[in-house]
Amino acid sequence: MFHKKDSRPFLIAGPCSAETEEQVLTAARDLQSLQDLAGLKVDLFRAGVWKPRTRPGAFEGIGATALPWLRRAKQETGLRTTIEVANGNQVYEALKHGIDVLWIGARSTVNPFSVQEIADALRGVDVPVLVKNPVNPDLDLWIGAIERIRNAGVTQVGAIHRGFSAYAKSKFRNAPYWEIPIELRRRMPDLPLICDNSHICGNREDLLEVAQQALDLNYDGLMTEVHPTPDAAWSDAKQQITPFIYSELVRSLVVRRETTDNQEFLENIENLRHKIDEVDLELLNLLARRMRIAEDIGRYKSRNNISILQAVRWNEILERGFTQGRQRGLNDAFIEKFLSAVHQESIAHQQAVMSGGETAA
Ligand code: PEP
Ligand code: MN
């Protein structure tokens, strides 16, 4: 159900939280009316009913009282509904009230006990389920949660990428670490993948950029928080947008195809890829050469009883790397990641020769 039809992204939109019956109905009506106003069809209406908040005392959701509001919103607008569930009882309540799709939140995906409880409650009920990534950047935990839900007999499972907690400050509320969903795609190519640009960004300004990036990585859909009066929202006010701004955002997205049968395009791309493969081989040869030199250094240090790590030297490598990288259009964050990996591997090679084991595996 979540796969794109005609290259069109699957759209999930609605408020962070259900707040009042009026707010839920207004949000659903406004989103539904975008079809006539802007030719934009929302596929699923979202609203949080039980809200996992970081600190106690914040608005923790209306609870089961809001479920009939969602049922009414669906009856009136025809929009199918989705909410977050975090335990067996919430699954039971959601299904009792005719919620069409369930999602598992980031704070539940981290906990196999919670996921298993949800999976057990779903046994025998084949309702579609979306599994958000865990808060921590751990792909296996994400995959494990997906497997638990599938093992319960749920046939329509999808993943939502909502970004990861990071200690380092950045412009994002939750760091996207695109490499993790990309690897998920490689390991589970048929799994529908949806980008929650709202929780990645934590602001309104970057929503379009992140959504476009997701589409360019061939995601199947988007989940975005849309509220009739975002500034007055009871949760996540900073990242929510009005239905009008939402329609502008979706309309400015460029939907590109994954591939084509245009021969000229295919040949040109093949040539360019061939060049990339050659450069990759060169890089591997250079890296192997660098490791051999590191081993020579290791032997030499060992004979002279000198330790492996000299902090000043590593700092020098990094600083020079930044300068030379910038001159070549390579950003500091990439240079740091790249040189750290290379440096760590060099240390492993030096350690191996020092401890007499020759090269590191
Ligand atoms: C949400 O979608 O409202 C939510 C709480 O998301 P997450 O689990 O990604 O924090
Ligand atoms: Mn939210």
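Residues numbered from 1 in each chain as written. Chains lettered and ligands numbered in written order. Predicted model: local features only at pLDDT ≥ 70, side-chain atom pairs only at ≥ 80, totals over all residues. Heavy atoms only, no water.

Draft legend 1. Structural context of the environment of Gln-75. Among the secondary structure elements, Gln-75 is positioned in helix α2 (residues 67-77). Sequence separation between Gln-75 and Trp-178 is 103 residues, and the spatial gap between their C-alpha atoms is 37 Å. (Helix = DSSP H or I, 4+ residues; strand = E, 2+ residues; numbered from the N terminus.)

Draft legend 2. The arrangement of the coordination of the manganese ion (ligand 2) in detail. The manganese ion (ligand 2) binds to the protein through Cys-16 (SG), His-199 (NE2), Glu-225 (OE) and Asp-236 (OD); the donor distances cover 2.1 to 2.4 Å. Read from N- to C-terminus, the donor residues coordinating the manganese ion (ligand 2) fall into the pattern C-x182-H-x25-E-x10-D. In this pair, Glu-225 sits in strand β8 (residues 221-225) while Asp-236 sits in the loop between β8 and α10 (243-252), placing the two residues 11 residues apart along the sequence. By relative accessible area, which is 0% here, Glu-225 ends up buried. (Donors = N, O, S within 2.8 Å, 3.2 Å for Na, K, Ca; no water. Buried < 20%, exposed > 50% of the residue type's maximum accessible area, 1.4 Å probe, protein only.)

Draft legend 3. Representation of the pattern of salt bridges within the structure. Applying the stated criterion across every chain, the model contains 23 salt bridges. Of the charged contacts, one joins Glu-93 and Lys-96 as a salt bridge, the two residues approaching to 3.8 Å between their closest N and O atoms. Of the two residues, Glu-93 and Lys-96 are both situated in helix α3 (residues 88-96); the distance of 3 residues between them amounts to about one turn of the helix. The buried category is assigned to Glu-93, whose relative accessible area is 15%. Ionic pairing is found between Arg-251 and Glu-248, a salt bridge with its closest N-O pair at 3.5 Å. In this pair, Arg-251 and Glu-248 both sit in helix α10, 3 residues apart, roughly one turn of the helix. We classify Arg-251 as exposed; its relative accessible area is 52%. Note on Glu-248: relative accessible area 35%, which makes it partly exposed. Look at the salt bridges and you will find they share partners, linking Glu-21, Arg-29, Arg-72 and Glu-76 into a network. (Salt bridge = Lys/Arg side-chain N within 4 Å of Asp/Glu carboxyl O.)

Draft legend 4. Highlighting unusual backbone geometry. The phi torsion at Asp-236 lies on the positive side, around 50°, for a residue other than glycine. Unlike most non-glycine residues, Asn-305 shows phi in positive territory, near 55°. Structurally, Asn-305 can be placed in the loop between α11 (263-303) and α12 (311-327).

Draft legend 5. Here's a closer look at the sheet that holds strand β2 (residues 44-46). Read around the closed barrel, 8 strands run β1-β2-β3-β4-β5-β6-β7-β8, paired in parallel fashion. Strand-to-strand twist across the sheet, computed as the mean angle between neighbouring axes with direction ignored, equals 25°. Of the pairings in the sheet, the one linking β2 to strand β3 (residues 80-84) comprises 3 bridges and is parallel in character. Pairing of Arg-46 across the sheet is with Thr-82, part of β3. Sitting on the sheet, helix α6 (residues 139-151) touches β4 (101-104), β5 (129-132), β6 (157-161) and β7 (193-196), and the angle it makes with β6 is about 155°. (Pairing = 2+ DSSP bridges. Axes fitted to C-alpha atoms, helices over the stretch in contact; angles between N-to-C directions. Contact = heavy atoms within 4.5 Å.)

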